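# What the coordinates show
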Amino acid sequence: SIEFISLRGGSRPNIVPDLCELTLRYTAARRAEITRELMDNATRFVMEHPEARITIFPEKTRSIPGGAEELVISFLGKPAHGSTPEKGHNAILDALQFFALQSAFPARARRFAGFLAWATAALDGENLGIRSSHDFVGHTTVNLGVAELGPEGATAIVNVRPTLGLE
């Protein structure tokens, strides 16, 4: 089976993250099978999410004592300032959406990943119930700038820039 180790992305809340890494562990004997499954899943995901860029390098696995290996899946985005998240592409959102679809990962973690992706995918705050706009200043913006998930919990930093009139 595949063991979820971590999902980490972003370095600053006010920057659209251009990298998010998902680290997995599995028994070395199942490398070919698991790599093929992950590659197939990544291909399907990219077909449904054309802006997503996923890289999997099976040759860069790290050996762990006891016959295990760790593999890092990288999600690449496009950086932008948090005030204009629509000019970038959030790598964390791709990683969370991909993660939420993987039945081999823990159900609670998948639900959280799916919720966080849904809540922050609307860059104007609509999914959070804070969408607002001002004729001169513009609209509210939401950017999931930093996220870290692990088997024991998760943290996420969401940069919200409310417009005038939103309290």
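It should be noted that the structure appears before, not after, this text.
Residues numbered from 1 in each chain as written. Predicted model: local features only at pLDDT ≥ 70, side-chain atom pairs only at ≥ 80, totals over all residues. Heavy atoms only, no water.

Below, the discussion takes up the pairing of strand 8 (residues 141-150). Taking burial as the measure, the ten residues of strand 8 include eight buried ones, the bulk of the element. Of the strand pairs in this sheet, strand 8 and strand 9 (residues 153-161) are connected by nine bridges, and their pairing is antiparallel. Along strand 9, the bridge assignment pairs Gly150 with Gly153. What sits between strand 8 and strand 9 in their antiparallel hairpin is a turn of two residues. (Buried < 20%, exposed > 50% of the residue type's maximum accessible area, 1.4 Å probe, protein only. Helix = DSSP H or I, 4+ residues; strand = E, 2+ residues; numbered from the N terminus. Pairing = 2+ DSSP bridges.)

Another aspect to go through is the packing of helix 1 (residues 31-48) against helix 2 (residues 91-100). In the contact formed by helix 1 and helix 2, the axes pass within 11 Å of each other and the chain directions differ by 120°. Here helix 1 is positioned oblique relative to helix 2, judged by the angle of their axes. The two elements helix 1 and helix 2 meet at a crossing, and its hand is right-handed. Contacts between helix 1 and helix 2 involve Leu38, Asn41, Ala42 and Phe45 from the first element and Asp94, Gln97 and Phe98 from the second. Of the residues assigned to the contact of helix 1 with helix 2, the class counts are four nonpolar, two polar and one charged. (Axes fitted to C-alpha atoms, helices over the stretch in contact; angles between N-to-C directions. Parallel < 35°, antiparallel > 145°, perpendicular 65-115°, else oblique. Left-handed = near helix turned anticlockwise from the far one by under 90°. Contact = heavy atoms within 4.5 Å. Nonpolar A, V, L, I, M, F, W, Y, C, P; charged D, E, K, R; others polar.)

This part takes up helix 1. The end-to-end C-alpha distance of helix 1 is 26 Å, a good match for the 26 Å that 18 residues give at a rise of 1.5 Å each. Among all positions in helix 1, only Ile34, Thr35, Leu38, Asn41, Ala42 and Phe45 are buried. Around the axis of helix 1, the buried residues are gathered within 130° of arc, so they sit on the same side. Across helix 1 from its buried face, at more than 90 degrees, point the exposed residues Ala32, Arg36 and Met47. Next to the buried residues of helix 1 lie strand 2 (19-27), strand 3 (53-56), strand 5 (68-76) and helix 2. (Expected span 1.5 Å × (residues − 1). Arc of directions from axis to C-beta.)

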